[in-house]
Structure formats: structure tokens, C-alpha cells
Amino acid sequence: MNFRPAYGSETLGKDRVFTSWDDTHSVLWGRQPIELAHQVHKSPLFSADTLAELIERYPREHYSLVQTGARGSSRVWREGEIGDLGGRQVMDAIARGGLWLNMRDVGAVDRRYREMLDGMFEEIAAKVPGFSARDHQESILISSPDAQVYYHFDLPGQALMQIAGRKRVYVYPNTAPFLTPKMLEDVAVFNVEVDIPYEPWYDKYARVFDIGPGQMLSWELNVPHRVENLDTFSVSMTVSYTNDQIRRSEIVNLANGLLRNRFGYWPRSRDPHGPSYFAKAVMQKLYRDSGWVKRQRQARRPTEFRLDAAQPGRIIDLPKAA
């Protein structure tokens, strides 16, 4: 595993995450893809020892372990579990290829990560007029040198911070045919972002960014993107945030998706205000945790394998549920 961060006793500079913010970033934030410099990668919270310890105590319901296809190969997207491996063993298995670990909402598991990002959002609010983030979540991604994340989008506001290794990020327009209301609504209901349609010719319309440690990308709401590791073991952090506007959009997406997929009614309105919106807000609150939604999501994300403790880098297929 070629993961040798030279963190030592380094800590973040006082009260500052970003190191090269200028006036153009303030104008373009949330309107265009922008690249920023940060110093989060210097934090001891991302040392190999700290990450290994975090993996060992991470709750099963808060992580996804995914087997992906290598660049240029056929699509593979299977979810699995760590099993009884230690944190270092997990990272070693990932370094051997074809795996991607997402520790979701890490700030809820270890508040030190959330406190770090609290400071980042205070910086953004001070630099971007009108910006607000009612809440935010951060997730740590650890992935193989040949891993990739297929074409997808995120429902909240989103940014990607690179900690170790290098990635290539393709960022697409958030308009049809790259993104449609049906895609937004289906992802809100089924919670599987990578199932949306993709065609290779989309790449002609993508902006491409190569990022390494200390670099961050931010883009407009719901922008489709895909990510390829550049032959290096990678550690990164995704940052999701919501505000009132984003939350209203999420409510409409989930309500419309439920109306269409659960009840067979195709809603016409996507208005996040008025009587129609408030009726949808009540309806989605009643059904978002229903047994039907849980069954639909579970069926689309079965646990299919476990890491092999005896042979690092190998996986053991699990019996399919009846």
C-alpha cells in the first residue's frame, strides 16, 4: 500500500482551510465548477494509523464497500462488507485493486471531522454573499489505484477534497439529456446514484479536472460527474450540504418519485412553493421511511461479498438472499 502521508505533527493553519481563495471563487461558487486549494490533507486525522483505527470501529450501517470495474473494462458495481479484517488489512486489500470504501457521515461517528468542516463552511459563508448551509455531512473515500466511480450525481450540494493520491474528475452539465427530473426523482426514492443512464459521447461535453492532495472541486447543485483514480491509492473526502432551497428541492424530488413509482401518478409540478409543495412535503414525510421504500432500496443494494482475511485483496462471494 503506497500510502505514506508526511503528516507528522502538522495541523491545519489557524482558522483556515482554504489557501488560495480569490474574488472569482466567491462569484462562481455554486454557479460553475471551481478548483480550490486546501490544507485539510495535512491533518493528522488522515494519517494511515488514524484511518485504520476509524475503519475498525466504523458502524456497518454507515459504510459502503464497493467492487468496481477497472477503467476500460465492463461495468461492475457490487456491494460487500469488511468482515473481521483490521483497518490496515482493509487498506491493504483496497490497495491491491478494484475496491472502494465509503465511510458515510464520518462527522457523526467522529466529531473531529465535523468540527474541521464546520470551520470550512464558516470560511465559505464569509466569502460567498448569501451562502448558507443548514447542515453538512462529510464522508471519507478510500479507493484502489484502478477504481472508478461511475456517472452519477448527488442530491445535496457537493464538493470533493483530495487527501492522498490523484483522481480525474469528469463534470457534466446539469441539464437534459445529462440530467432529467425523472433521474432526480428516482435517485431520491431508490438511493442508488450510479444507476442513471450514461453514454460515452457525454464525455465530449464534460469539463475534466485532475486533482491531487490539497486540491478541492466544487460544482453546481446536482451536477453529474464520474471519477477515475490515476493509478494511485486514493484518500479523499466528499462534503455534502443543504440549505432551505436544497431541502425543498429534495422534498419535491422524493415526493414526485414516490407518486410515480409507488402510486403510478406522473406529477407535472416541480414548484418548491405553494399548496402543491406543502401537500408533497406531508406525503413524503409519511412515506419516506415506509416498508415499501426500505424494500426497494434494499433490493437495489444487496451485500454480495466479504473481504477474505486469509488472502489480502481477494473477496468471498456471499450466498444470494432467497
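Residues numbered from 1 in each chain as written. Predicted model: local features only at pLDDT ≥ 70, side-chain atom pairs only at ≥ 80, totals over all residues. Heavy atoms only, no water.

**Student:** Please set out the sheet that holds strand β5 (residues 135–143) residue by residue, giving values where relevant.
**Tutor:** Strand order in the open sheet formed by 10 strands is β1-β10-β7-β12-β5-β4-β2-β3-β13-β14, and the pairing between neighbours is mixed. Of all the strands in the sheet, the pair left with one neighbour each is β1 (34–37) and β14 (315–317). On average, each strand axis in the sheet is tilted by 30° relative to the strand beside it, whichever way the strands run. Sheet analysis places strand β2 (residues 63–68) next to strand β3 (residues 77–81), joined by four bridges and oriented antiparallel. (Pairing = 2+ DSSP bridges. Helix = DSSP H or I, 4+ residues; strand = E, 2+ residues; numbered from the N terminus. Axes fitted to C-alpha atoms, helices over the stretch in contact; angles between N-to-C directions.)

**Student:** I'd like a description of the pattern of salt bridges, backed by residues and values.
**Tutor:** Under the criterion given, the structure shown has 22 salt bridges. Residue Glu 304 pairs with Arg 78 through a salt bridge whose shortest N-O separation is 3.7 Å. In this pair, Glu 304 sits in strand β13 (residues 303–307) while Arg 78 sits in strand β3, placing the two residues 226 residues apart along the sequence. (Salt bridge = Lys/Arg side-chain N within 4 Å of Asp/Glu carboxyl O.)

**Student:** An account of the packing of aromatic side chains is needed here, citing residue identities and associated values.
**Tutor:** Taken as a whole and judged by the stated rule, the model has 22 aromatic pairs. Within the aromatic cluster, the residues linked to one another by ring pairs are Tyr 151, Tyr 172, Phe 178, Tyr 198, Trp 201, Tyr 202 and Tyr 205. One Lys or Arg, Arg 60, reaches over the ring of Tyr 63 and ends 4.4 Å from the middle of that ring. The lysine or arginine in question, Arg 226, covers the ring of Tyr 170, its NZ or CZ lying 4.0 Å from the ring centre. (Phe/Tyr/Trp six-rings, centres within 6.5 Å; stacked < 30°, edge-to-face > 60°. Lys NZ or Arg CZ within 6 Å of the ring centre and 35° of its normal.)

**Student:** Would you mind going over the side chain of His 136 in detail, with residue names and values included?
**Tutor:** Relative to the helices and strands, His 136 is located in strand β5. A polar atom in the side chain of His 136 sits 2.8 Å from the side chain of Glu 138. Every residue in contact with His 136, bar those within four places of it in the chain, is listed here: Arg 114, Leu 117, Asp 118, Phe 121, Ser 240 and Tyr 241. (Polar contact = N/O pair within 3.5 Å; in protein donor to acceptor, adjacent residues only side chain to side chain. Contact = heavy atoms within 4.5 Å.)

**Student:** Now, about the sheet that holds strand β6 (residues 148–152): what can you tell me, with residues and values included?
**Tutor:** Within the open sheet, the four strands sit side by side as β6-β11-β8-β9. Their pairing is antiparallel. Since the sheet does not close on itself, it has two edges, and those belong to β6 and β9 (207–211), each with one partner. Averaged over all pairs of adjacent strands, the angle between their axes in this sheet comes to 15°, without regard to strand direction. In this structure, strand β8 (residues 167–171) lies alongside strand β11 (residues 225–229), joined through five bridges in antiparallel fashion. Counted as the bridge partner of Val 169 is Val 227 from β11.

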